[in-house]
Amino acid sequence: MTFAWPWLLLALAVVPLAVIWYRRLLRSRAARRAELAALGLAGPPPGRRATVAPALLLGALALLLLALARPEIGVPLPHREGTVILAFDVSSSMTATDLTPTRMDVAKAAARAVVERQPPTVRVGVVAFGTSGLVTQQPTADRASVIAAIDRLQPGGGTALGSGLQTSLSAITGKTVLVDAPGTSNGVEAQGPDLGYHGSAAVVLFSDGENTTEPDPVEVADLASSAGVRVYPVGIGSPRGTV
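An account of the accompanying structure is given in this report.

Rules used in this analysis
- Residues numbered from 1 in each chain as written.
- Predicted model: local features only at pLDDT ≥ 70, side-chain atom pairs only at ≥ 80, totals over all residues.
- Heavy atoms only, no water.
- Helix = DSSP H or I, 4+ residues; strand = E, 2+ residues; numbered from the N terminus.
- Buried < 20%, exposed > 50% of the residue type's maximum accessible area, 1.4 Å probe, protein only.
- Contact = heavy atoms within 4.5 Å.
- Areas by Shrake-Rupley, 256 points an atom, 1.4 Å probe, with all protein chains shown as cover.
- Pairing = 2+ DSSP bridges.
- Axes fitted to C-alpha atoms, helices over the stretch in contact; angles between N-to-C directions.
- Salt bridge = Lys/Arg side-chain N within 4 Å of Asp/Glu carboxyl O.
- Arc of directions from axis to C-beta.
- Polar contact = N/O pair within 3.5 Å; in protein donor to acceptor, adjacent residues only side chain to side chain.
- Core = buried A, V, L, I, M, F, W, Y, C linked by side-chain atoms within 4.5 Å.
- Parallel < 35°, antiparallel > 145°, perpendicular 65-115°, else oblique.
- Nonpolar A, V, L, I, M, F, W, Y, C, P; charged D, E, K, R; others polar.

1. Focus: the overall build of the chain
Next, step 1: A tally of helices and strands in the chain yields six helices and seven strands.
Next, step 2: In the chain, the succession of helices and strands from N to C terminus is β-α-α-β-β-α-β-β-α-α-β-α-β.
Next, step 3: Per-residue burial over the chain gives 35% buried out of 243 residues.
Next, step 4: Long-range contacts, defined as pairs at least 24 residues apart, comprise 77% of the intrachain contacts of the chain with a sequence gap of at least 6.
Next, step 5: Here the chain has roughly 14500 Å² of accessible surface; of this, 60% comes from carbon and sulfur atoms.

2. Here we look at the sheet that holds strand β6 (residues 201-207)
Two pairing modes exist for strands in a sheet, parallel and antiparallel, and in both the strands are linked by backbone hydrogen bonds.
Next, step 1: The strand order across the open sheet built from five strands is β5-β4-β3-β6-β7, with neighbouring strands paired in mixed fashion. Among the strands making up the open sheet, the edge pair consists of β5 (133-140) and β7 (230-235). Here the average twist between neighbouring strands, direction ignored, is 15°.
Next, step 2: With six bridges connecting them, strand β3 (residues 82-89) and β6 associate as parallel partners. Its bridge partner being in β6, V84 is matched across the sheet by A202.
Next, step 3: Packing of helix α4 (residues 143-152) onto the sheet brings it into contact with β3, β4 (122-129) and β5, and relative to β5 it is tilted by some 160°.

3. Observations concerning unusual backbone geometry
Next, step 1: In this chain, T100 is followed by P101 through a cis amide linkage whose omega measures -5°.
Next, step 2: Here P101 lies in the loop between β3 and α3 (103-117).
Next, step 3: Residue P215 is reached from E214 by a cis peptide bond, and omega for that bond is 5°.
Next, step 4: One can find P215 in the loop between β6 and α6 (217-226).

4. Considering the pattern of salt bridges
In a structure, side chains of opposite charge can pair up when their charged atoms sit close to one another.
Next, step 1: According to the stated counting rule, one finds three salt bridges in the structure shown.
Next, step 2: In this structure, the salt-bridge partner of D208 is R103, at a minimum N-O distance of 2.8 Å. Of this pair, D208 sits in the loop between β6 and α6 while R103 sits in helix α3, and the two are 105 residues apart along the sequence. In this pair, the class of D208 matches that of R103, namely buried.
Next, step 3: R112 is paired through a salt bridge with D151; the nearest N and O atoms lie 2.7 Å apart. In this pair, R112 sits in helix α3 while D151 sits in helix α4, placing the two residues 39 residues apart along the sequence.
Next, step 4: With a relative accessible area of 37%, D151 lands in the partly exposed category.
Next, step 5: A single network of salt bridges, built from pairs that share partners, joins D98, R103 and D208.

5. A short note on α4
Next, step 1: Turning to α4, its buried residues number three or more, namely V146, A149 and I150. Along the axis of α4, the buried residues cluster in a sector spanning 100°; they form a single face. Exposed residues pointing more than 90 degrees away from the buried face of α4 are listed as A144 and R152.
Next, step 2: Residues of α4 that are buried sit in contact with β3, α3, β4 and β5.
Next, step 3: The N-terminus of α4 is capped by D142, whose side-chain oxygen sits 3.2 Å from the backbone nitrogen of A144.

6. Quick notes on the nonpolar core
Next, step 1: By size, the foremost hydrophobic cluster in this structure holds 21 residues, and its most contacted members are L86, F88, V126, I150 and F206.
Next, step 2: When residues of this core are traced back to their parent elements, those giving at least two are β3, α3, β4, α4 and β6.
Next, step 3: If we ignore the near neighbours within four places in the chain, the residues touching V126 are L86, F88, L134, V135, T136, Q137, V146, A149, I150 and L153.
Next, step 4: The next biggest cluster of nonpolar side chains, apart from the first, holds 20 residues, and it includes V127, V179, V203 and V229.

7. Some thoughts on the packing of α3 against α4
To describe two helices that pack against each other, one gives the angle between their axes and the distance between the axes.
Next, step 1: α4 packs onto α3 with a crossing angle of 170° between their chain directions and a minimal axis gap of 10 Å. Here α3 is positioned roughly antiparallel relative to α4, judged by the angle of their axes. Across the interface between the two elements, K108, A111, R112 and V115 from α3 touch R143, V146, I147, I150 and D151 from α4.
Next, step 2: For the contact of α3 with α4, the per-class residue count stands at five nonpolar, no polar and four charged.

Dropping the structure here:
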């Protein structure tokens, strides 16, 4: 516990001084009562109940002086914060109309609902992936900018799920994350401990199809898992499908 005005605690010295003064007063009264009793003019001495009121008064005085010093104490409170990346499949098949009006419009509506439900301390970013991944909105607490980035998305291209996850990880970690295709010599540029730990980050991935190009999305998902990033895939489409 701390005090905003600790110098006011010096005023608590008044309490013991008041106790000393009151005890002297009681002794003086007792001596006077004894003198009057010798003359037959005094009644019985007061009982212990007579000290209850002065004791309560002194206790209230001590609490008042303590409160004037403005005591403060730190209390831990839960605080939700983190980063959410909305990764959109913008392949041409997202124009399909088996969902009304289109798959893309349904995905956008779902993403807006996710944004609206996030607390102010959570930053939200937007990634679009077709034949490759692109950050269309860096993680931000500005909900209007996120909604505008969602509304700007236009379908076209393939379904590079792995690239979408890579780009989402790059937006979360603030560094380039690349998992090269098999047969290349560069291997993995950044992974595991190099990415750090981002347990308060998540990727919500909207897609309507299978991966059509490298890198393997499972490998990228494993990379995300090693960095503590959760990946939530959301399938877009109807059970009957469409051509």
